[in-house]
Each structure stands twice: as C-alpha cells, then as structure tokens.
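Architecture and fold: a report
Below, each chain spelled out in residue letters.
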Amino acid sequence: MKMTTKATLAAMLATTVLSGAAYAETLRLSHNTGDTTTWHLGAERFGELLAEKTDGAYDVRVFPNAQLSGGDQMKQAEMVGRGALDIVVTSAINVTPLVPEMAVFSLPYLYANYAQVDATTQGEPAKLLEDILRDKGIEVLAWGENGFREVTNNVRPITSPDDMKGLNMRVAGPMYIDVMNALGANPQQMQWGETMTALQQGVVDGQENPIGAVIIPQQVFEVQKYLTTWHYSYDPIFLGVSTQLWDGLDAEIQEEMRAAATEAMEYQREITRESTEDGVAFLRENGMEVYEPSEDELAAFRTATQPAFDTWADKVGTEIVGSFQDAIAATPAN
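I will try to describe carefully the structure that is included in this document. Remember, it's a predicted structure, so these values are computed and weren't measured experimentally. (Residues numbered from 1 in each chain as written. Predicted model: local features only at pLDDT ≥ 70, side-chain atom pairs only at ≥ 80, totals over all residues. Heavy atoms only, no water.)

**Quick look at the overall build of the protein**
Quick reminder of the rule: In this text, helices come from DSSP runs of H or I with a minimum length of four residues, and strands from runs of E with a minimum of two, each type numbered from the N-terminal end. Just to be clear, the radius of gyration here is over C-alpha atoms, and the globule rule we use is 2.2 Å times residues to the power 0.38. Burial classes: relative accessible area under 20% of the type maximum marks a residue as buried, over 50% as exposed, and values in between as partly exposed (1.4 Å probe, protein chains only). It only takes one pair of heavy atoms within 4.5 Å for two residues to be counted as in contact. Every accessible area reported is derived by Shrake-Rupley at a probe size of 1.4 Å, with residue values counting cover from the shown protein chains alone. Neither His nor the chain ends contribute to the count of charged residues, in which Lys and Arg are positive and Asp and Glu negative. Taken as the charge location is NZ of Lys, CZ of Arg, CG of Asp or CD of Glu.
Tallying secondary structure elements over the protein gives 14 helices and 9 strands in all. Here the C-alpha atoms of the protein give a radius of gyration of 22 Å, agreeing with the 20 Å that 2.2 N^0.38 yields for 334 residues. Oriented by its inertia axes, the alpha-carbon framework of the protein measures out at about 85 × 45 × 35 Å. The proportion of buried residues among the 334 residues of the protein is 54%. Within the protein, residue pairs in contact and separated by at least 24 positions form 75% of the contacts whose partners lie at least 6 positions apart. If you sum the accessible surface of the protein, you get close to 14100 Å²; carbon and sulfur atoms cover 49% of it. Distance between charge centroids for the protein: 6 Å, based on 22 positive and 48 negative side chains.

**So, the environment of L249**
Mapping L249 onto the fold places it in the loop between helix 9 (243–246) and helix 10 (251–277). Judged by relative accessible area, L249 falls into the buried class, the value being 12%. For the pair L249 and W192, spaced 57 residues apart in sequence, the C-alpha to C-alpha distance is 33 Å.

Structure below.
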C-alpha cells in the first residue's frame, strides 16, 4: 500500500511539474473604468494572450473601477511604480500628478485626426514619455486609446465658448481644470466612480469623455441630455507593468508579454474607434441632443483654450512638445 501511495504521489508531482497552468503566477491588473468598457475588454484580451503565449504560466486578474487603489484612479500608476500593483491600464491624464509631462497627449486641440495621434503614440514621441515612466518604476508595454474627449451636460447645448460659462464640470485631472477655467466653467476634479452619481444628483452639470470608450459603455447618455463633439482633447491609455516585476523576467517572457500587450492594445484601439464612429447616431437614437461644431466654431474653442495649452506646454517642456508637434506636422491633417 505504501508503494502504491508513493507511486501515486510521484505521478501527481510529475503532472504538476509538467503543467504550466498548475504553476500559473497571478498578476493583478487595475484600470479606471467599468467592466463594459473597451479598457476592460483590452485588459482581458491581454490576459488571454499572455496565457496563450506563455503556455498558461501567467493568470492575469483584471480589477475594474480602480478597486485595488480604493477607487482612486490617480493612485494606480504610483502603486505600480513602487511594486504594490503588477499591471495598470490607465490614461495619460491620470498619470499627470506623478508625471506632468504626460499632459502632452491631451493639450487642447493638439491633434486633428487619428493619423496624427498614431504618429505620436505609436511613434518616436511616445518613447520620450516611456523613458520618464520607466524612471518612475513603470515599463510601458503598449499604447491604447481612450479617445477624443467630448463635452456633455444637462443645462444647454454647447455651441460656443460662452456656453461653457458657469457650468459645474467634472474633470479627470489638473490640466482639464485649467482648460475649464479658461472657458469660464467651474471645474471639479472627481474620481470616475463618483461621477455618475454626481451627474444624477445634479452635483455637477456635465463632464467630458470619449464617446466610444466611456460615454456609451458607461451609459452616460442616460444621465446627460446635451453632447457637443468638440474634439478638444485626446487621451491615450497605456498598459504598463511594474519594473520590479519586469526586471525579474527573462528576455523570452518579456518579449511574450510585450507582444501580448501590443496585440491587446491594437484590438482595444480598433473596437474603441469602431464604437466612436457609430456613436453619434446611437446617442441620438437614445435621446441625446448632439451638436457638431463647424470648423469656425472649433476655431473659437481653440482660441479660448490657448492659455491652458501654453501653461501646460511650459510644464511639459519644449523638447517633448516639439517632438509631438514635429510628428503631427509631418502627418496630413486630412
């Protein structure tokens, strides 16, 4: 009986050793938004791809709504930087308290189209930010998309800068506070997890976010009446891993993890843009009044937000801003 037991145990041990899944290391991934968003879908795709590429050696657990940072979406990057979290999917503007230079992506009216966006996020300019984030303990593996941020509210249609005056607007980060102040609105920085309730209760009149990544999947249209497609700011997301974790991986695993992130964020950008393209019609069908400004009207918003652009361009620095502007200038506006 003893011999049989030993044989059984040996067989069990051999099976466990040979099975990568049995030894799967759990990695915790935190992101800002709900589990219906393209952020979440991209994060889940990363987990699936990483498991495939590593034969089940890693199990990525995705935590939405910044659960692991107590609901504080600004805190996630800092936690990854010191190794308290493994992986983060967050947007550039949410990292500006840690790295002010990340505001470069979201400078008002920096971009005219997706081609210009891709020239920076998928090109050399983004590497300047990756170097800074690496110094903060975060290895950026790939860039995804939150999108062009549009403005919604419950008070009136926004057709000119004057229409923003006096509105209480929820914003995500410090740069947007300066933008709203330049427009005469009253900005209130607020966690996304608190925003829907604040909109429902009238604590704030409106907010600004991308259509495909947030406004539709988070059902903002159920609590807001007016939307203006002013495209005033672009917001990328990135998938980043703690350098404490990253530096402990061998080169092959690093390559597989980066490949999984790149593929997952390509998928995330694709579904975000598809949802955005069809989004205006969907929102109109669901009761929102959508205003699409003319080029002259957009020029008025651009002029009104120039002070915020100048303030934050100075904070970011001429080298980074110049790199972005050069890449954009080399990419056709239409």
